[in-house]
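# Results of the structural survey
The chain contents come next:
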Amino acid sequence: MFKQTQVKEAGIIKRINGNRTTIELVKQTAENCKSCSGCAEVKSSSQYLEVETVPGIKEGQLVVTQKTIHSPYKSIMLVFVFPLISLLVGSYVGQNYNILSITSKDIRIIVCGFIFFMSSLVIAGIYDKMSKSKTTTPQKIISDNLHNSYDTVFK
């Protein structure tokens, strides 16, 4: 359910500047872009990518790059399901326990539900910031001999 997808793209090295390399991506067919669709809005212009330099490459060379795309289901659960469950739990706590010293049961349900809901959003935001730095994987060059590997990567 929370699997990662490896997306491979072909490109031409346009510029090498120290430890950073600029690559112009070769246009792909629609079948190759099904899993990502990150560049769907950029159809007419060239798309450039900056990656870490690999020893032995030179300008004008064809290369294959790879990036990891994480499943969106974990984020959907974190943003939609977790707050909804927190709201229900907060409402249950407000209905059955007099923890806020509010005499009206209806107001206690609303206040506890709101507090739990807002707390879940804060927790989701903190978790997202902490996990983003751990799961972000930059795009990298995996092959600098495109003639031998193009058929195995894209066919």
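Residues numbered from 1 in each chain as written. Predicted model: local features only at pLDDT ≥ 70, side-chain atom pairs only at ≥ 80, totals over all residues. Heavy atoms only, no water.

### Remarks on the overall build of the protein chain
- From N to C terminus, the protein chain includes 3 helices and 5 strands.
- Helices (α) and strands (β) of the protein chain occur, in sequence order from the N terminus, as β-β-β-β-α-α-β-α.
- Considering the protein chain as a whole, with its 155 residues, one finds that 24% of them fall into the buried category.
- Pairs at least 24 residues apart make up 73% of the contacts formed inside the protein chain by residues separated by at least 6 positions. (Helix = DSSP H or I, 4+ residues; strand = E, 2+ residues; numbered from the N terminus. Buried < 20%, exposed > 50% of the residue type's maximum accessible area, 1.4 Å probe, protein only. Contact = heavy atoms within 4.5 Å.)

### Some remarks on the pattern of salt bridges
- Taken as a whole and judged by the stated rule, the model has 2 salt bridges.
- For Lys14, the salt bridge goes to Glu24, with nearest N and O atoms at 3.2 Å. With a gap of 10 residues between them, Lys14 in strand β1 (residues 4–17) and Glu24 in strand β2 (residues 20–25) connect regions that are remote in the sequence.
- On the basis of relative accessible area, Lys14 is assigned to the partly exposed category, the value being 39%. (Salt bridge = Lys/Arg side-chain N within 4 Å of Asp/Glu carboxyl O.)

### Here we look at the nonpolar core
- Counting residues in each nonpolar core, the largest one holds 8 residues, listed as Ile13, Ile23, Leu25, Leu49, Val51, Ile57, Val63 and Ile141.
- Contributing elements (two or more residues each) for this core: β2 and β3 (47–52). (Core = buried A, V, L, I, M, F, W, Y, C linked by side-chain atoms within 4.5 Å.)

### Digging into the pairing of β1
- In this structure, β1 lies alongside strand β4 (residues 62–70), joined through 9 bridges in antiparallel fashion. Bridging from a neighbouring strand, Val7 pairs with Lys67 of β4.
- Following β1, the chain reverses through 2 residues before pairing antiparallel with β2; Gly18 in that reversal takes a positive phi of roughly 65°. (Pairing = 2+ DSSP bridges.)

### A look at helix α1 (residues 73–96)
- The terminal C-alpha atoms of α1 lie 33 Å apart, and with 24 residues this matches the ideal 34 Å at 1.5 Å per residue to within 8%.
- Approximately 30° is the largest bend angle found in α1, and it occurs at Val81, with the proline Pro83 only one to four residues beyond.
- Of the positions making up α1, those classed as buried are Pro83, Ser86, Gly90, Val93 and Gly94. (Expected span 1.5 Å × (residues − 1). Bend = angle between axes of the 7 residues up to and from the residue.)

### Focus on the confidence of the model for the protein chain
- Overall, the prediction assigns the protein chain a mean pLDDT of 76, with 73% of residues at 70 or greater.
- Between the elements of the protein chain, mean pLDDT differs from a low of 44, seen in helix α3 (residues 146–154), to a high of 90, seen in α1.
- Taken as a whole, residues 146–155 scores under 50 in pLDDT and shows 16 contacts with residues more than four places along the chain or in a different chain. (pLDDT = per-residue confidence, 0-100.)

### Digging into the side chain of Arg108
- Positionally, Arg108 belongs in helix α2 (residues 105–135).
- Within the local environment of Arg108, its side chain forms a polar contact with the backbone oxygen of Tyr97, the two atoms lying 3.3 Å apart.
- Contact partners of Arg108, with chain neighbours within four places excluded, come to Gly94, Gln95, Tyr97, Asn98, Ile99, Ile102 and Thr103. (Polar contact = N/O pair within 3.5 Å; in protein donor to acceptor, adjacent residues only side chain to side chain.)

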